[in-house]
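Topology and contacts: notes
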Amino acid sequence: MIHLPRKHYEWALFFFFWFGGLWLLYFEMFIVSPHYHSSWNNTMTLHTIIASFCALNIYTNMFMMITTDIRCKQVTSSPGMGWVFCDKCQISVPPRSHHCKICQECILKRDHHCFFSGYCVGYFNHRYFFSMVVYMTFAAFYCNIYNWQFFIDLKGGFTWTIIPGLIAPHVGLMLGFYSINEFILTAHTFAGLILNVLFVILLSSQLRYLFTGQLSYERKKGIKDYYVGVRKTPVELFGSAGLWVLVCPLMTSKMPGDGTAFRHRGRKKVQNSTDLHCGRETCNLFGNFFQIFQIFSIFGNLFQIFKIFQIFQIFQRKANQKTKKR
């Protein structure tokens, strides 16, 4: 069963993910690569293999993520200690499970709601989300490093004005400093850098799970009762195959349970919240992302002021020259 987005903005992000990645692959292979290599060679073959491997893992992990059932309704176990009753779903749900207001389902070991997939990250599909983020982060670093010299050559060499121009390419277009082609490529490079920052934030939030055993809700509430150590936590996340699932998303990896029972330190009783606002953790993540974007916007505004000041200087010089001629 494929779980598709329910909201209009999720559909937009969903299509952006699938078609944006394909466009990026085309951009790297047919626009950037010819700048470095006039003909096909061993280096081009290596880049093609790496790009194809990353793209295959990213898209396969996404597909496996949205086709894996993580609903509490599939559970056949009898309610036990720590289970709570969900008024919305009218079922009892196990510990660490929460109700998602967008999916309209109670999710086993719910971490957060992913807007790009339109589906939650839970017990049985968390491994696919983690692997997907790993490969997206690696691909983002790879592309940005590979594209940097291409971008520098496009500008005719590195100067200090490249940085503010990169942050606010629309200003360069409006003032006539950039052609349409330069504007598109500059905006593309800037978008790649922003996505790289976003992927690093996503990956760091997921890596924290390996060292703390805390889901997004548990980090927010300071709950540390389910951490089982560095050696056992990867098994709870990836299954019996451990980190080997990062190599291939289709690798069989049996989970240690059915998502209803977890090792508990016994420090305190953890109550589940079925009223947890869906996507709040992801919204916090996007909040950090927009804070970074605001910082870039400040630099963009400074760049605009600088360009306006330059224009005034040019007009002043022309006026002085005309005065001298008279």
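To keep things clear, this report deals only with the structure shown in the data block.

Thresholds, definitions, all that
- Residues numbered from 1 in each chain as written.
- Predicted model: local features only at pLDDT ≥ 70, side-chain atom pairs only at ≥ 80, totals over all residues.
- Heavy atoms only, no water.
- Helix = DSSP H or I, 4+ residues; strand = E, 2+ residues; numbered from the N terminus.
- Buried < 20%, exposed > 50% of the residue type's maximum accessible area, 1.4 Å probe, protein only.
- Areas by Shrake-Rupley, 256 points an atom, 1.4 Å probe, with all protein chains shown as cover.
- Phe/Tyr/Trp six-rings, centres within 6.5 Å; stacked < 30°, edge-to-face > 60°.
- Lys NZ or Arg CZ within 6 Å of the ring centre and 35° of its normal.
- Salt bridge = Lys/Arg side-chain N within 4 Å of Asp/Glu carboxyl O.
- Expected span 1.5 Å × (residues − 1).
- Bend = angle between axes of the 7 residues up to and from the residue.
- Disulfide = S-S within 2.5 Å.
- Patch = residues over 30% accessible without salt bridge, like charges linked within 9 Å, V, L, I, M, F, W, Y side chains within 5 Å.
- Contact = heavy atoms within 4.5 Å.

1. Quick notes on the overall build of the protein chain
Summing up its helical and strand segments, the protein chain has nine helices and six strands in all. Among the 326 residues that make up the protein chain, the fraction classed as buried is 46%. Accessible surface computed for the protein chain: about 17,800 Å², of which carbon and sulfur atoms make up 65%.

2. Describing the packing of aromatic side chains
In the structure shown here, the tally under the stated rule is 22 aromatic pairs. The rings of Trp11, Phe14, Phe15, Phe17, Trp18, Phe19 and Tyr59 are connected pair by pair, giving a single aromatic cluster. Above the plane of the ring of Phe262 lies Arg96, whose end atom (NZ or CZ) is 5.0 Å from the centre.

3. Details of the pattern of salt bridges
Scanning the model with the defined rule gives three salt bridges in all. A salt bridge links Asp69 to Arg71; the shortest N-O distance between them is 2.9 Å. By relative accessible area, Asp69 is classed as partly exposed at 25%. Relative accessible area serves as the criterion here: at 22%, Arg71 is assigned to the partly exposed category. For Lys73, the salt bridge is made with Glu105, and the minimal N-O distance between the two is 3.8 Å. Here Lys73, found in the loop between helix H2 (42-67) and strand S1 (84-86), pairs with Glu105, found in strand S4 (residues 105-107); they are 32 residues apart in sequence, far enough to count as distant. When its relative accessible area of 12% is taken as the criterion, Glu105 is described as buried.

4. Structural notes on helix H3 (residues 126-154)
Relative to the 42 Å expected for 29 residues at 1.5 Å per residue, H3 spans 41 Å between its end C-alpha atoms, a close match to the ideal helical length. The sharpest bend along H3 reaches about 35 degrees and sits at Asn147. Two residues or fewer past H3, Gly156 is found with a positive phi of approximately 80 degrees.

5. A closer look at unusual backbone geometry
Notably, Gln104 is not glycine yet its phi reads approximately 60 degrees, a positive angle. Looking at where Gln104 falls in the secondary structure, it is placed in the loop between strand S3 (98-100) and S4. A positive phi angle, near 45 degrees, is found at Lys109, a position not held by glycine. Within the secondary structure, Lys109 sits in the loop between S4 and strand S5 (112-114).

6. Digging into the state of the cysteines
This structure, assessed with the given rule, holds zero disulfides. Cys106 provides the cysteine sulfur closest to Cys72, a residue in no disulfide bond, and the two sulfurs are 5.2 Å apart. We note that Cys114 lacks a disulfide partner, and the nearest cysteine sulfur, in Cys120, lies 9.3 Å from it. Classification of Cys114 as buried rests on a relative accessible area of 6%.

7. Focus on a nonpolar patch on the surface
Residues Ile2, Leu4, Trp11, Phe15, Phe19, Leu22 and Phe63 make up a contiguous nonpolar surface patch of about 690 Å² in total accessible area. Ranked by residues supplied to the nonpolar patch, first place goes to helix H1 (residues 8-36) with four residues. Within the element layout of this structure, Trp11 appears in helix H1.

8. Overview of H1
The end-to-end C-alpha distance of H1 is 40 Å, a good match for the 42 Å that 29 residues give at a rise of 1.5 Å each. Considering bend angle alone, the principal kink of H1 is centred on Glu28 and spans about 30 degrees. Burial in H1 covers these residues: Glu10, Phe14, Phe17, Phe27, Glu28, Met29, Val32 and Ser33. Of the surrounding secondary structure, the elements contacted by the buried residues of H1 are H2, S5, H3 and helix H6 (180-212).

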